[in-house]
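Structural overview
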Amino acid sequence: MTIREFQQLIRELYFERDAARGVEKTTLWLIEEVGELAEAVRKGSNVGEEIADIIAWVLSVANLYGIDVEEEISKKYPGYCIRCGKKPCRCKE
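Conventions and cut-offs
Residues numbered from 1 in each chain as written. Predicted model: local features only at pLDDT ≥ 70, side-chain atom pairs only at ≥ 80, totals over all residues. Heavy atoms only, no water. Salt bridge = Lys/Arg side-chain N within 4 Å of Asp/Glu carboxyl O. Helix = DSSP H or I, 4+ residues; strand = E, 2+ residues; numbered from the N terminus. Buried < 20%, exposed > 50% of the residue type's maximum accessible area, 1.4 Å probe, protein only. Lys, Arg positive; Asp, Glu negative; His and termini not counted. Contact = heavy atoms within 4.5 Å. Axes fitted to C-alpha atoms, helices over the stretch in contact; angles between N-to-C directions. Parallel < 35°, antiparallel > 145°, perpendicular 65-115°, else oblique. Left-handed = near helix turned anticlockwise from the far one by under 90°. Nonpolar A, V, L, I, M, F, W, Y, C, P; charged D, E, K, R; others polar.

**Side note on the pattern of salt bridges**
In total, this model carries 5 salt bridges according to the counting rule given. For Glu-70, the salt bridge goes to Arg-4, with nearest N and O atoms at 3.1 Å. In this pair, Glu-70 sits in helix H4 (residues 69-76) while Arg-4 sits in helix H1 (residues 3-21), placing the two residues 66 residues apart along the sequence. Looking at Arg-4, the relative accessible area reads 39%, which means it is partly exposed.

Dropping the structure here:
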């Protein structure tokens, strides 16, 4: 499944509920999921499940803004470091 396909699936499943909740409250759910990931990392369990939840909530927020996440990722991460132009990155950070 591509990112775009997953984003469309999240849109089909949850857009009406997300739209009714609004951007701010949907973003708060996303932040709550980040906290759950932190707890999962601390405990060493369910990390993958929490990462999946975070990605789904990010896509929900993107859907509310009409953002194509796959397109934005391709622009932001074109296959080389956008700072130094190298693959792999040679930045000193």
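**Thoughts on the side chain of Glu-50**
Tracing the sequence through the fold places Glu-50 in helix H3 (residues 47-65). One buried charged side chain, Glu-50, makes no salt bridge at all; its nearest oppositely charged neighbour is Lys-43, positioned 9.5 Å away. Non-local contacts of Glu-50, meaning those with residues more than four positions away in its chain, are made with Glu-33, Glu-36, Leu-37 and Ala-40.

**Structural notes on the packing of H1 against H3**
In a pair of packed helices, the angle between the axes and the distance between the axes together describe the arrangement. In contact at an axis separation of 8 Å, H1 and H3 are set at 70° when each is read in the N-to-C sense. Overall, the two elements H1 and H3 adopt an arrangement that is roughly perpendicular. Considering only the axes of H1 and H3, their crossing is right-handed. Together, Phe-6, Gln-7, Ile-10, Arg-11, Phe-15, Asp-18, Ala-19 and Arg-21 of H1 and Ile-55, Ala-56, Trp-57, Leu-59, Ser-60, Ala-62, Asn-63 and Leu-64 of H3 make up the contact between the two elements. Residues belonging to the contact of H1 with H3 are distributed by class as follows: 10 nonpolar, 3 polar and 3 charged.

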